[in-house]
Amino acid sequence: RPDPKHIPELREALKELDEMTGLDENAGVKKERGLAAKKAVRQLVSTVQANYDKELNGESPLPLSLNRLFLGNPGTGKTTVAKILGTVMKNLELLSNGSVVLKVGSDFKGGHEGGTEVATLKILEGAVGKVLVIDEAYTLNDNNYGKIALDTIVSKVMGSPGEDRAVMMLGYEEPMLKMLRDQNAGLSRRFNPMDAFFFPDFDDGQLLSILKGVLKKRDLKMDKDVRQRAIELLIEERKKPQFGNAGNVDNLLGRASLTMSSRDKHTRTICIDDLGVSARDAGSGGDPLDELKGMFMIEHIVHQLVQLRAKIERKRSQGENVGVDNFLFVGNPGTGKTQVARIMPKLMHSLGLLEDKIVETTAMEIQGQYVGHSAAKAREKIQAASGGVLFVDEAHNFLGTGSFAIEAAKVLMTATLEPEHKGRTMLIFAGYESKMNTMMQNVDDGMRRRFKETIRFPDWTPQNCFEFVVQLCKRKDIDVAEDAQRHILEQLKIIYQRPGWGNASDAHDTFEYLENALAMRTMSPCTGAAALVSSGQLNVITLEDAIMGMNKFHSQRPDMEEPQPGMYAGVGAGFAHFQSPGGAPPPNQPMIKRIEERVTQSLVTQARDGESGEDPMFAALQLACVELGYDIDQESRKRLIGILEVVQAGGGFSEDILEHVKSKTGENESNLQQMLRPQVPPLLKSMSDAVAAEEERLLVIKRLEEEKKLEEAEALRKKHEGMQRRLQTMGVCPAGFSWYRQGGGWRCHGGSHWVSDSQLQ
């Protein structure tokens, strides 16, 4: 029975393996990636011993493959373990020689047709009795010489008992597993991922151990604080893809040794400056959180981040391997989510956890337009943010904008568990709290578990907004008269009651309106500069300025109880058809106080009286689609198609459509889904036809432009725009949909209305 106790060379080889740093962390390793290297070698020895006992008892031996994958980043000991494994296999009588033949992918390439197969066969023949190590084996994953080499290996390396050759394929985990998926199916049977040797990156303590070992080997010295800074530099490098582990330690000390020697050729002590950083950079740099201290209404957030930093530093002082968590930022627009997100990579960088970089995007931006497109876009974003922060604003839009958006969200969730990103890339989802909760409950069951930290950004009250405006004035040495202050606060309270309260952005807008009013008064030729100086009003916002400034704000945020001149002229808003060219309301339209009530009443009346043949619920659904902007452009229409496809497949309507229909019809929300579902097929068909027709129209114009027929292209464009305006003015489609060409006339995008060419003449 092969026992290390009785085989000195085997015992020494296993001892050398045990003394290697790392290679024994198996926590969190996925099953398909096998075992950590030390455990895998021990398992090999145990299997050989078990087979020895089975043969003595006349039992069938356990299957044992000598061909393995070595998965991990550089500098983790893969080549060293391969050499130890050769010695182990020889002493277990699995190999006749046990020495190592080291090759890389390019060694298999032949110089002429058929040369690759010849070169591969020659390498395999030369490795009989030995361990053949193919480093960076993933470079063989192609459709040319690499494929030929791999096919040849599959045909000759069977893994049969007594084959007397062990082939080890080394490389980064993901490219290696991709190679198994892409190439000959027999390759994954010869090199089963279940039997792989896994080589994890070294943690902080292991990097320190390696550093001390190299220092001792090179007869170098380094004070404790310098060693700590060296480890911090290595931790920063570890955040990047394809970290070199022990190789990075060698490189760091190599550079430091050269600097040390040029500084003092007699010393053997490396100082902070030799590492390429100054003592100031090493520990007394500015606090990233200082950038937040000047911000308004986020004191509790700064406190939360201070606690987070203290927790990380405490864990690190206790020797724990610290990674970063993912965050939810919940709150309304203008509450500081983006600004705080931009501080996160700086904070994590100061703690040695992330690079100081952030990639900013939105859920809508990641959403693709066809199957697989969203996955590719999501992958592109997470890879761009690797080692830093990926900030996804308006993340609630992952739900309600179609299956492609859900696909993107799920790809990001999967990425958070991958070794390249888990604890090494921070994902921040931001959005409205209620919508974020709904999204997380419906998109992915495990999503909530991936976000361990939540930061809440409260709305600003009118008082908060007013106080911030006063602060902004003080920063520019502008005083605000008491009566002006009262007027500003009173008007902010009125504006606060209207839809669209923008928190900080409203405060900045208020200041801008007031500052402009002050400038207009003080720059007026009717106002003498001397008089202003003598009266002390040159840098004072007076009641007159406050009235002018806040009136400007009111004009930008009108009370929706009364229609404002021209404010419903946009087709995308769905109201263009209610104004005739002369400004008077179109015939047979009741002038109801609220514009929204007027439109809804028009739709419901038509449906009730049989003028349009529409169901009232269908009319309300159409109106919701237009007013929510789903008919503004091609991208918006495609998003609507995605939503309708989800509903037709058995899913639910988006929250914004449900809320809008509910506001128009007064129906109970629990009944809306059931009542709206039958209305989906006709709307989906018509919208799909409309998108197809528009694509065809745009293609014709593009072709004309490519042929340099610019005048003809412009004429077609203007003709189409003119027809859209004419159809909208006619008011045939009360919801305000755009129109597309169909047969001998035009069909509205909602599908309910058609106008013949003869009617347009």
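Above this text you will find the structure in question.
Basis of the calculations
- Residues numbered from 1 in each chain as written.
- Predicted model: local features only at pLDDT ≥ 70, side-chain atom pairs only at ≥ 80, totals over all residues.
- Heavy atoms only, no water.
- Salt bridge = Lys/Arg side-chain N within 4 Å of Asp/Glu carboxyl O.
- Helix = DSSP H or I, 4+ residues; strand = E, 2+ residues; numbered from the N terminus.
- Buried < 20%, exposed > 50% of the residue type's maximum accessible area, 1.4 Å probe, protein only.
- Core = buried A, V, L, I, M, F, W, Y, C linked by side-chain atoms within 4.5 Å.
- Contact = heavy atoms within 4.5 Å.
- 1 Å grid on protein atoms, 1.4 Å probe; cavity = no way out; pocket = protein on both sides within 12 Å on 5 of 7 lines; lining within 4 Å.
- Points joined across faces, edges and corners; volume = space filled by probe spheres on them.
- Pairing = 2+ DSSP bridges.
- Phe/Tyr/Trp six-rings, centres within 6.5 Å; stacked < 30°, edge-to-face > 60°.
- Polar contact = N/O pair within 3.5 Å; in protein donor to acceptor, adjacent residues only side chain to side chain.
- Axes fitted to C-alpha atoms, helices over the stretch in contact; angles between N-to-C directions.
- Expected span 1.5 Å × (residues − 1).
- Arc of directions from axis to C-beta.

(A) The arrangement of the pattern of salt bridges in detail. Under the definition given, this model contains 26 salt bridges. For D182, the salt bridge identified is with K178, shortest N-O distance 2.7 Å. Of this pair, D182 and K178 both sit in helix α6 (residues 173-182), 4 residues apart, roughly one helical turn. As a salt-bridge pair, R521 and D545 come within 2.8 Å of each other at their nearest N and O atoms. Linking R521 in helix α21 (residues 504-523) with D545 in helix α23 (residues 543-556), this pair joins segments that are 24 residues apart in sequence. What makes R521 buried here is its relative accessible area of 10%.

(B) View of the nonpolar core. F653, I657, V661 and F737 are the most contacted members of the largest nonpolar core, which has 34 residues in total. Taken together, the elements giving at least two residues each to this core come down to α25 (616-627), α26 (634-648), α27 (655-665), α28 (669-676), α29 (680-706), α30 (710-730) and β17 (745-748). Per-element tally for this core: the top contributor is α25, with 7 residues. Look past the residues within four positions of F737 in its chain and what remains in contact with it is Q622, C625, V626, D631, L683, M687, Q728, C748, H749 and G750.

(C) Molecular detail of the layout of surface pockets. Reported here for the second largest pocket is a volume of approximately 1100 Å³. For the second largest pocket, the lining is made up of 48 residues, of which E394, H396, N397, Y432 and K435 are closest to its centre. For the lining of the second largest pocket, the elements supplying multiple residues, two or more each, are α13 (337-350), α17 (433-443), α21, α26 and α27.

(D) The arrangement of the sheet that holds strand β3 (residues 100-104) in detail. Taking strand neighbours across the sheet as the criterion, the 6 strands line up as β1-β6-β2-β5-β4-β3 in an open arrangement whose pairing is parallel. For this open sheet the edge positions go to β1 (35-36) and β3, each flanked by a neighbour on one side alone. When strand β2 (residues 68-72) meets strand β5 (residues 166-171), the two strands line up parallel, connected through 4 bridges. Counterpart to R68 in the pairing with β5 is M168.

(E) A look at the packing of aromatic side chains. Enumeration according to the criterion identifies 12 aromatic pairs in this entry. An angle of 35 degrees between the planes, with centres 5.6 Å apart, marks the rings of Y138 and Y172 as tilted. In this pair, Y138 sits in the loop between β4 (131-135) and α5 (145-156) while Y172 sits in the loop between β5 and α6, placing the two residues 34 residues apart along the sequence. Considering the side-chain rings of F329 and F457, the 5.2 Å spacing of their centres and the 50 degrees angle between planes classify their relative orientation as tilted. Of this pair, F329 sits in strand β9 (residues 326-331) while F457 is found in strand β13 (residues 451-457), placing the two residues 128 residues apart along the sequence. As far as burial versus exposure is concerned, F329 and F457 are alike and both buried.

(F) Region of the structure containing the side chain of T425. Mapped onto the elements, T425 comes out in the loop between α16 (403-415) and β12 (426-431). With relative accessibility at 5%, the residue T425 sits in the buried group. Side-chain polar atoms of T425 contact the backbone nitrogen of G387, separated by 3.0 Å.

(G) Highlighting the sheet that holds β9. Spatially, β10-β11-β12-β9-β13 is the arrangement adopted by the 5 strands of the open sheet, whose pairing is parallel. Strands at the two margins of the open sheet, each flanked by one partner only, are β10 (358-362) and β13. Strand-to-strand twist in this sheet, taken as the mean axis angle between neighbours without regard to direction, amounts to 20 degrees. The sheet contact formed by β9 and β13 spans 6 bridges and is parallel. By the bridge assignment for β13, F327 is matched with E453. The sheet contacts of helix α12 (residues 299-317) involve β9 and β13, and relative to β13 the element is tilted by about 155 degrees. Sitting on the sheet, α16 touches β11 (389-393), β12 and β13, and the angle it makes with β12 is about 145 degrees.

(H) Representation of α12 in the model. A rise of 1.5 Å per residue sets the reference length of α12, with its 19 residues, at 27 Å; its end C-alpha atoms lie 27 Å apart and thus fit the reference within 8%. Buried within α12 are the following residues: I301, V302, L305, L308, R309 and I312. The arc enclosing the buried residues of α12, seen along the axis, measures out at 115 degrees, which places them on a common side. For α12, the exposed residues lying more than 90 degrees away from the buried face are E299 and S317. Residues of α12 that are buried make contact with β9, α13 and β13. Positive backbone phi, approximately 85 degrees, marks G319, located one or two places after α12.

Treat this as a map of the structure, not an account of what it does.
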